[in-house]
Amino acid sequence: MMRPSVVARPRMRLPAGGCFFCFVVVLGLLVMYENFWFFSSTLSSYPMDMVKADAGGKRNVDLSSGVYHSWKVFKTDYEEMERKLRVFVYPGGHRTPRRLTGKYASEGFFFKNIRESRFVTLDPNEAHLFFLPVSCHKLRGQGVSWEDITNGIGDYVRNLMLEFPYWNRTLGADHFFVTCHDIGVRATEGAPLLVKNSIRVVCSSSYNNGYIPHKDVALPQVRLPFSYPPGGNDVITRHMLGFWAGRTDSDVRSALTTVWNGDAELDIQNSRKNGTTGKHNKFYEAKFCICPGKSEVNSPWIAESIRYGCVPVIMSDYYDLPFNDILDWRKFSVILKESDVYQLKHILQNISDAEFMALHRNLVKVQRHFTWNTPPMRYDAFHLVMYEVWLRHHAIKY
């Protein structure tokens, strides 16, 4: 068979600079390949719920790992908790708090969320932790006196010791209770072993209130329902340097109002004297929201600042920040000493626009961790509280 004749074609000549053009094209393809390989390997290290799809169908990596002390450690331990953790809820007590609204709503949502979660087991022999369903807030709402609340909780714990063998096995070290009201902190003083040994999940996470950081857990206090939608990509609207409104019920709060009341750049309001003018709107207008410590109960101000995208400025010398084991608070807040109140304006003015924008971006990333849902959702406030309790379970030896 004869092959078809090959017609000689004229050889094409590249125009001047053609070699350089080809080199650029080839180099570009190599760079694209390397970026694709790097992106693919990076994407595979994130859980699928951390990968979001935009309107065009493209997937974007959520780089919120920058707000954690160690995303890898947190991710590994968190997923182990989801697989393994089992909690036995003791019978009796007060399973339903008075309400899910107001500044103590975190307590109510926890009681509701624990029943809705996968963690509850009816078999105490397979439980890692034991929950005491005592809502001091509900008892107080029923008109029960302080003395009766204290005696009632003490009797309840003593009956559990007699009826079940699990408290005596660890002297209560694998037991926990939840309270967001100072009533709960005071009322449990009638059960010394409960305060000394068990895990206290409390909003009053101040060291001078007997809070023990390595044993107890800081419960983020949230005032619900929120009045306005969350703040987000709104840096351009934040023209006010700093904002705070509240009662002067601590030394640092008194100093804050004395030194900075009437300042042109810091909007400091004493709500006891003057009420609160345009509070929620100012959450959107301020760059920084001052969060001074209180004398007793924690304030929902920190959670509200996070919700509305106003970078919190923590001013408390004896306070364990919520989820401090997980989140690097210096990536999305400003942490000061109480004595810094006198240099507050100077400190905030020295934070550059680039630094503020980085804090604000990270603040938006952590908003989901301070959100209560029903039913609970992965990585929300309830799950991070359970993760903190899970961490303390690992330290128990028995």
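Shown above is the structure to which this text applies.
Parameters at a glance
- Residues numbered from 1 in each chain as written.
- Predicted model: local features only at pLDDT ≥ 70, side-chain atom pairs only at ≥ 80, totals over all residues.
- Heavy atoms only, no water.
- Helix = DSSP H or I, 4+ residues; strand = E, 2+ residues; numbered from the N terminus.
- Buried < 20%, exposed > 50% of the residue type's maximum accessible area, 1.4 Å probe, protein only.
- Contact = heavy atoms within 4.5 Å.
- Disulfide = S-S within 2.5 Å.
- Pairing = 2+ DSSP bridges.
- Axes fitted to C-alpha atoms, helices over the stretch in contact; angles between N-to-C directions.
- Salt bridge = Lys/Arg side-chain N within 4 Å of Asp/Glu carboxyl O.
- Core = buried A, V, L, I, M, F, W, Y, C linked by side-chain atoms within 4.5 Å.

Draft legend 1. The overall build of the protein, seen in detail. Regarding its fold elements, the protein presents 15 helices and twelve strands. For the protein, buried positions account for 49% of its 398 residues. Of all intrachain contacts in the protein linking residues separated by at least 6 positions in sequence, the fraction that spans at least 24 positions is 70%.

Draft legend 2. Fine view of the state of the cysteines. Under the criterion given, the structure shown has two disulfides. Linked covalently through their sulfurs, C180 and C203 form a disulfide whose S-S length is 2.0 Å. Taking the torsion about the sulfur-sulfur bond, which here is approximately -90°, the covalent link between C180 and C203 counts as left-handed. Remark: C203 occurs in the loop between β6 (199-202) and β7 (217-218) and C180 occurs in the loop between β5 (175-179) and α7 (182-187); sequence separation between them is 23 residues. A residue is classified by how much of its surface remains accessible, and C180, at 0% relative accessible area, is buried. Owing to a relative accessible area of 1%, C203 belongs among the buried residues under this scheme.

Draft legend 3. Up close: the sheet that holds strand β4 (residues 129-131). Taking strand neighbours across the sheet as the criterion, the five strands line up as β3-β4-β5-β6-β7 in an open arrangement whose pairing is parallel. If you trace the sheet from one side to the other, it starts and ends with β3 (87-89) and β7, each paired once. Along the sheet, helix α3 (residues 105-116) makes contact with β3, β4 and β5, crossing β5 at roughly 135°.

Draft legend 4. How the structure looks around the pattern of salt bridges. Applying the stated criterion across every chain, the model contains 18 salt bridges. D216 is paired through a salt bridge with K215; the nearest N and O atoms lie 2.6 Å apart. In this structure, a network of salt bridges that share partners links the residues R200, K215 and D216.

Draft legend 5. Structural view of the nonpolar core. Residues F110, F176, F288, L327, L344, W372 and M386 are the most contacted members of the largest nonpolar core, which totals 84 residues. Of the residues forming this core, the biggest block, eight residues, is contributed by helix α15 (residues 381-394). Those residues in contact with L327, other than ones at most four positions away along the chain, are V67, Y68, H69, F332, V366, H369 and F370. Membership of the second largest hydrophobic core comes to 18 residues, among which are L160, Y166, F177 and A191.

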